[in-house]
Amino acid sequence: LGDGPAFRLVRKHFQVLFGAFTRNGGRVVKTIGDAVMASFTTGKAALTAVSEAMILLPTIGRRPDNNNYVEIRVGIHSGQTTVVLLNGVNDYFGQTANIAARVQSAAKGSECFVTETVLESANAREAYAEITGLGTSFQATPL
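Residues numbered from 1 in each chain as written. Predicted model: local features only at pLDDT ≥ 70, side-chain atom pairs only at ≥ 80, totals over all residues. Heavy atoms only, no water.

Peer 1: Help me understand the overall build of the protein chain in this model?
Peer 2: Helices and strands together make up the secondary structure of the protein chain, namely four helices and seven strands. Whereas a compact globule of 143 residues would reach a radius of gyration of roughly 15 Å, the protein chain reaches 15 Å, a difference of no more than 12%. Oriented by its inertia axes, the alpha-carbon framework of the protein chain measures out at about 45 × 40 × 25 Å. Considering the protein chain as a whole, with its 143 residues, one finds that 33% of them fall into the buried category. Look at the contacts in the protein chain between residues 6 or more apart in sequence, and 59% of them connect residues 24 or more apart. Put simply, the protein chain shows about 8,500 Å² of open surface, and 51% of that area lies on carbon and sulfur atoms. (Helix = DSSP H or I, 4+ residues; strand = E, 2+ residues; numbered from the N terminus. Rg over C-alpha atoms; globule rule 2.2 N^0.38 Å. Buried < 20%, exposed > 50% of the residue type's maximum accessible area, 1.4 Å probe, protein only. Contact = heavy atoms within 4.5 Å. Areas by Shrake-Rupley, 256 points an atom, 1.4 Å probe, with all protein chains shown as cover.)

Read these as spatial facts, not as claims about activity.
What follows is the structure, encoded as structure tokens:
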């Protein structure tokens, strides 16, 4: 693919993700390469934002190297974290952040894994049922 075309594609992918996250009350914590860590105040907000992003991602076009759509792997977990200042920027630290990263790494392209902890909230359960019942490409698997 090459660095130039890859960077342009990642910028488009960030525009979709950041837009969906902020429209749904989320905050981007950090990026590492093409990965994004975001924080939401509710599981419902996280689920809604991810659903929106996954539906919108095909609109940015296809990868020039294989003509496939850009896919993301998502993990959603909830809990308390410690906010630490690293290099002048707030970052999240602790078991909750580690579990979220492990849940995300278990997902494959275009998959969203959601922990049961997230679905303990009635609003998140309702959002999960509504989103997964829409017949869209969004699919989430509770862990």
